[in-house]
Structures are given as structure tokens and as C-alpha cells.
Amino acid sequence: MKIIASCGVLLACAAIPAVCAAQAPKPAVDVLKADIDAVVAAPDGGADRQIKVVDVGKLNVGVGVLTQGARKTAAGEAVAGISHAQVTEVYYVLSGSGVLITGTEIQGPVPLDPASEVVKVAVGPSHRATFMGGERRTVSAGDVVVIPAGVLHGWVEIPEQVRYLSIRPDPDRVLPAGYVNPAIKR
């Protein structure tokens, strides 16, 4: 009986490292200022440029940098925005300022092309639509805005330019874990 119990304890002890290893935290991943600058300076990529997508265990997290140029929406003009079905965005404004509109009452949603780079790499399934109302807020360097999945968002006024990081929690793992922008791939 002692031998069987001892064997059971030994087997349990041998299994502990395997269980612990399976639940070990993922390593930290850096997104350096030099990475952000390199992605912004790259000749290709448009306004929304994903920097990295990281598997953090229960979800993926994307980090992108976006630059929006000057614009002003005339009074009464229809305002268009974008909404992401599964990915939340957390904006951290790096420079500039502007008026950001968010809302859930929309008209005429049109899905983005699922084969497009922005859908495949940056934001997952999304659509463009027109706002029916919405909340306007002025944001500037240092401000943070959290935009839950499913909330339409867009810029209605930017005096010169606004540049911001978008941190994208992705619990459904629609973004490609391990993605690194070609401008910083080493």
C-alpha cells in the first residue's frame, strides 16, 4: 500500500511542472518609441497601421498607430464612422487634437472588405455607417478614450492633425497573433 501511495505522489509531483508550464505567463513584449516612429515613417500603410499583435494568453492585444489629417465637418453634414464587431479600441492621443464622435444609433451600415489589410490585421470584421446623433468630445495629447466593440466612431473636426495609439483587446482572437509590422521586422 505504501508503494502504491508513494508512486501516486511521485506521479502527481512529476505532473506539476507540466501543469504549471502550461499556465505560465507569456513573456512581455515591447513596442518601443523607435518602433512607432518607424511604422509612422514607412511609405506604405495608410492612416491605420498595426504595429504588433501579441498573444497574452486568454486574448490577443493589437497595438496600432493612427494619423488623421485636418478636417472639418459642416453643420448638418452627414457624419460617417467605423465600428468593429469584436475588437475594442483604447485610444491614447500622442499629439494634436480633434473632435471625436461615438454612438450606437447608426444608418446604412456597409461591411468592410474582409480581405482588406485593415480587417485582417488591425481591427477584425467592421463596417462603415452614418451616425444618427452621437456623443462629441474634444480630445488632445495625453487623453485616453475607450471605444467598446460595436460602437461607431469617427472624427468630425481636426484643426491640423491628430496622432494616436490604438490598443486593441481581442478576446475572440480575430487579429493575427505574432504579427509584426514589416517596417520594424528584425
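Residues numbered from 1 in each chain as written. Predicted model: local features only at pLDDT ≥ 70, side-chain atom pairs only at ≥ 80, totals over all residues. Heavy atoms only, no water.

**Some details on the packing of aromatic side chains**
- Tallied over the full model, the rule gives two aromatic pairs.
- Look at Y91 and Y164: their rings are 4.4 Å apart centre to centre, the planes differ by 45°, and that puts the pair in the tilted class. One end of the pair, Y91, is in strand β4 (residues 89–103); the other, Y164, is in strand β9 (residues 152–170), and 73 residues separate them in sequence. Both residues of the pair, Y91 and Y164, count as buried.
- Seen from their ring centres, W155 and Y164 are 5.4 Å apart, and the 45° between their planes marks the pair as tilted. Across the pair, Y164 and W155 agree in class, each one buried.
- Through successive ring pairs, a cluster of aromatic residues spans Y91, W155 and Y164. (Phe/Tyr/Trp six-rings, centres within 6.5 Å; stacked < 30°, edge-to-face > 60°. Helix = DSSP H or I, 4+ residues; strand = E, 2+ residues; numbered from the N terminus. Buried < 20%, exposed > 50% of the residue type's maximum accessible area, 1.4 Å probe, protein only.)

**Let's talk about the environment of V54**
- Mapped onto the secondary structure, V54 falls in strand β1 (residues 48–55).
- A residue is classified by how much of its surface remains accessible, and V54, at 16% relative accessible area, is buried.
- Excluding residues that lie within four positions of it along the chain, V54 makes contacts with V29, L59, N60 and V61. (Contact = heavy atoms within 4.5 Å.)

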